[in-house]
Amino acid sequence: GLGLAISKMLVDLMHGEISVESQFGAGTTVTFSCGLRLGEKVLERPVPPESVQGKKVLAITDNALGAPVLAALLLPWRFDFTLAEDISSGLAELRDADSAGKPFELVILDSGNKSQFGTSDALRSIRLELGLSTQPRVLLLAGFNPDVGQKEIPAATADAVLMKPILGPPLYSA
């Protein structure tokens, strides 16, 4: 399909070769090769300041593809982080941690959660309804969605809003 045509164009631009093997009922294998050389500059990951190491962070996303990416971005910073697979379980984690006297300091909320409990409802619960003794900072991850109006992304109730796709440096500075 279109993905294969785009892949061929990219491989051609890199002076490489691409091949496709397909067997009915067994699937398709796409392979490519191209001559790449090592870059001259090595990018270094930022070193997490000691002040953030061990901070309790709750990430709420039901995106099966985005969750591992978010976890990979958070791991090097040595946060004590929990990944909740939906808004309801995330709110339960928040409430339980607060009740145990070990509240989360930061909540990363993916505005693309597909539950019937929307982003606005989740933010309202965090800020007003859960009765948390310690309010966490809330970082909202927002993506372009033509079905979600600006009213669904209430920046006023989040401490920061990052547009997806997220990369390390903007996440760390937020």
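Residues numbered from 1 in each chain as written. Predicted model: local features only at pLDDT ≥ 70, side-chain atom pairs only at ≥ 80, totals over all residues. Heavy atoms only, no water.

**Considerations on the overall build of the chain**
Here comes step 1: On a plain count of helices and strands, the chain comes out with five helices and seven strands.
Here comes step 2: In sequence order, the chain lays out its α and β elements as α-β-β-β-α-β-α-β-α-β-β-α.
Here comes step 3: In the form shown here, the chain has an accessible surface area of approximately 11,600 Å², with 58% of it arising from carbon and sulfur atoms. (Helix = DSSP H or I, 4+ residues; strand = E, 2+ residues; numbered from the N terminus. Areas by Shrake-Rupley, 256 points an atom, 1.4 Å probe, with all protein chains shown as cover.)

**What to know about the sheet that holds strand β5 (residues 106–110)**
Here comes step 1: Pairing is parallel in the open sheet, where five strands are placed in the order β4-β3-β5-β6-β7. Strands with a single pairing partner mark the edges of an open sheet, and in this sheet they are β4 (80–84) and β7 (160–163). Neighbour to neighbour, the strand axes of the sheet diverge by 20° on average, direction disregarded.
Here comes step 2: Sheet analysis places strand β3 (residues 56–60) next to β4, joined by five bridges and oriented parallel. Counted as the bridge partner of Ala 59 is Leu 83 from β4.
Here comes step 3: Against the sheet, helix α3 (residues 87–99) contacts β3, β4 and β5, and its axis sits at roughly 160° relative to β3.
Here comes step 4: On top of the sheet, helix α4 (residues 119–129) reaches β5 and β6 (137–142); it is set at about 165° to β5, its chief contact. (Pairing = 2+ DSSP bridges. Axes fitted to C-alpha atoms, helices over the stretch in contact; angles between N-to-C directions. Contact = heavy atoms within 4.5 Å.)

**Remarks on a nonpolar patch on the surface**
Here comes step 1: Together, Leu 2, Ile 6, Leu 10, Leu 13, Met 14, Phe 32 and Leu 36 make up an exposed nonpolar region whose accessible area comes to about 780 Å².
Here comes step 2: No other element matches helix α1 (residues 2–13), which puts four residues into the nonpolar patch.
Here comes step 3: Mapped onto the elements of the fold, Met 14 is located in the loop between α1 and β1 (17–23).
Here comes step 4: With relative accessibility at 35%, the residue Met 14 sits in the partly exposed group. (Patch = residues over 30% accessible without salt bridge, like charges linked within 9 Å, V, L, I, M, F, W, Y side chains within 5 Å. Salt bridge = Lys/Arg side-chain N within 4 Å of Asp/Glu carboxyl O. Buried < 20%, exposed > 50% of the residue type's maximum accessible area, 1.4 Å probe, protein only.)

Everything listed here is a matter of coordinates, which is why it stays silent on function.
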